[in-house]
Each structure stands twice: as C-alpha cells, then as structure tokens.
Amino acid sequence: MSIIFAVILSSCSSSKIAGTNNKKNASKADKIVRNALKFKGVKYKFGGTTKRGMDCSGVIYVAFGDENFQLPRISRDMAKRGRKISLSKTQKGDLLFFKTSNSRRSINHVGLIISKKKDQIRFIHATSSRGVIISSLLEKYWKKAFVKAIKVL
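Analysis parameters
- Residues numbered from 1 in each chain as written.
- Predicted model: local features only at pLDDT ≥ 70, side-chain atom pairs only at ≥ 80, totals over all residues.
- Heavy atoms only, no water.
- Helix = DSSP H or I, 4+ residues; strand = E, 2+ residues; numbered from the N terminus.
- Buried < 20%, exposed > 50% of the residue type's maximum accessible area, 1.4 Å probe, protein only.
- Contact = heavy atoms within 4.5 Å.
- Pairing = 2+ DSSP bridges.
- pLDDT = per-residue confidence, 0-100.
- Phe/Tyr/Trp six-rings, centres within 6.5 Å; stacked < 30°, edge-to-face > 60°.
- Lys NZ or Arg CZ within 6 Å of the ring centre and 35° of its normal.
- Axes fitted to C-alpha atoms, helices over the stretch in contact; angles between N-to-C directions.

## Observations concerning the overall build of the protein chain
A tally of helices and strands in the protein chain yields five helices and eight strands. Taken from the N to the C terminus, the helices and strands of the protein chain come in the order α-α-β-β-α-α-β-β-β-β-β-α-β. Put simply, the protein chain has 153 residues, and 42% of those count as buried. For the protein chain, the share of sequence-separated contacts (at least 6 apart) that also reach a separation of at least 24 residues comes to 48%.

In structure tokens form, the structure reads like this:
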C-alpha cells in the first residue's frame with residue numbers, strides 16, 4: 001500500500017504547473033495567474049468575488065489575496081499602486097488598466113497578464129457580457145481602451 005502511495009505522490013510532484021516544473025518552484029506571478037485562471041468561465045457579477053460571479057477587479061483582488069498580497073478592491077484604486085511600466089517591459093503577473101466607459105474619464109477596468117510572447121499580451125479579466133475570459137491586447141477594443149500597465153510584484 002505505501003509503495004502505491006509513493007508512486008502516486010512522485011508522479012504528482014513532477015507535473016508541470018503554469019509554466020514551472022512544480023508548485024514548489026512556482027514564482028509569485030505564476031501562483032497569482034494560476035489563482036485567477038481558476039475563475040475562467042465564471043459569470044459576471046458586479047462586486048463579485050466568488051465562483052458564483054466576479055467582476056474584473058474581483059478576479060484580480062482574489063488572485064493576489066490568495067497569495068497574501070493585498071490590493072485595493074476596485075480597479076481605479078489598484079491603478080494607483082505599484083509602478084507604471086511600458087508595455088515592452090511587462091511580464092506575467094503585471095496589471096493592465098483600461099477606460100471602457102463612454103465618458104472615459106477614469107480607469108474602470110483591470111486585467112492580469114497571464115502570458116507575453118513578443119507583442120502578444122494575453123490577460124485574464126471579467127466582462128459584463130462574457131464573464132471571466134482571456135483576451136489579447138492586440139484586439140482593437142482593448143488596444144483602444146488601454147491606459148497603462150503597472151508592476152505590483
């Protein structure tokens with residue numbers, strides 16, 4: 001019985017997780033991205049922070065909070081944290097901020113970078129129409145609404 005358990009345990013620890021060799025070696029950014037990805041497909045709910053429903057800042061707030069990294073709860077306040085960086089310097093775990101309202105007077109949307117390959121930046125966020133999804137900054141809508149990138153880690 002203990003031999004079977006040891007084999008199962010051994011095979012579990014060698015699996016690949018979020019681009020790392022195992023959970024122990026995962027960076028803080030990898031862990032935060034993994035936390036956010038657990039909510040992919042969850043429906044949108046204004047103010048939501050659970051699998052029953054989430055909004056854009058809720059996804060980010062929970063993903064960071066699960067790693068004991070506290071951020072403000074709303075996107076415009078999150079945008080005041082960390083340091084502004086150029087898109088060329090962004091990495092997995094950095095935050096992207098957008099103005100998506102008609103008035104576009106203040107930041108009202110946030111996404112978490114989950115991957116970056118050359119100019120292709122993919123981020124997880126929640127939209128009112130599609131819930132928690134992954135998008136690309138190359139998409140015309142998001143490119144136009146983009147305001148700034150922030151490094152908080």
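## Looking at helix α3 (residues 56-65)
With eight of 10 residues buried, α3 lies mostly within the body of the structure. Those residues of α3 that sit buried are Cys 56, Ser 57, Gly 58, Val 59, Ile 60, Val 62, Ala 63 and Phe 64.

## Side note on the pairing of strand β6 (residues 120-127)
Burial analysis of β6 places six of its eight residues in the buried class, the great majority of the element. In terms of strand pairing, strand β5 (residues 109-117) meets β6 through five bridges, oriented antiparallel. Bridge pairing links Lys 116 to Ile 121 in β6. Following β5, the chain reverses through two residues before pairing antiparallel with β6; Lys 118 in that reversal takes a positive phi of roughly 55°. Of the pairings in the sheet, the one linking β6 to strand β7 (residues 131-136) comprises six bridges and is antiparallel in character.

## Digging into the confidence of the model for the protein chain
Mean pLDDT over the protein chain works out to 86, with 82% of the residues at or above the 70 mark. Scored below 50 in pLDDT, residues 1-21 shows 15 contacts in the model against residues more than four places distant or in partner chains.

## Considering the packing of aromatic side chains
Under the criterion given, the structure shown has six aromatic pairs. Pairing Phe 64 with Phe 69 gives two aromatic rings, centres 5.4 Å apart and planes at 55°, and the pair type is tilted. Its relative accessible area of 0% is what places Phe 64 among the buried residues. Here Phe 123 and Trp 142 contribute two aromatic rings whose centre-to-centre distance is 5.8 Å and whose plane-to-plane angle is 90°, an arrangement assigned as edge-to-face. With Phe 123 in strand β6 and Trp 142 in helix α5 (residues 140-145), this pair connects stretches of sequence that are 19 residues apart. On the basis of relative accessibility, which here comes to 0%, the residue Phe 123 falls in the buried class. Each residue in the set Phe 98, Phe 123, Tyr 141, Trp 142 and Phe 146 is aromatic and connected to the rest through ring pairs, giving one cluster. Across from the ring centre of Phe 39, 5.8 Å away, lies the NZ or CZ of Lys 51, which sits over that ring. Above the ring of Tyr 61, the side-chain terminus of Arg 73 is found at 5.9 Å from the ring centroid.

## As for the sheet that holds strand β8 (residues 146-151)
Taken together, six strands build an open sheet; the order of strands is β3-β8-β4-β5-β6-β7 and the sheet is antiparallel. Taken across any chain shown, the strands that pair with only one partner, and hence form the sheet edges, are β3 (83-85) and β7. Taken pair by pair, the neighbouring strands of this sheet meet at an average axis angle of 35°, ignoring direction. Relative to β8, strand β4 (residues 95-98) runs antiparallel, the two being bridged by four bridges. Its bridge partner being in β8, Phe 97 is matched across the sheet by Lys 148. Across the sheet, helix α2 (residues 28-37) is in contact with β5, β6 and β7; its angle to β5 comes to roughly 120°. Here α3 sits on the sheet in contact with β4, β5, β6 and β7, set at roughly 60° to β5.

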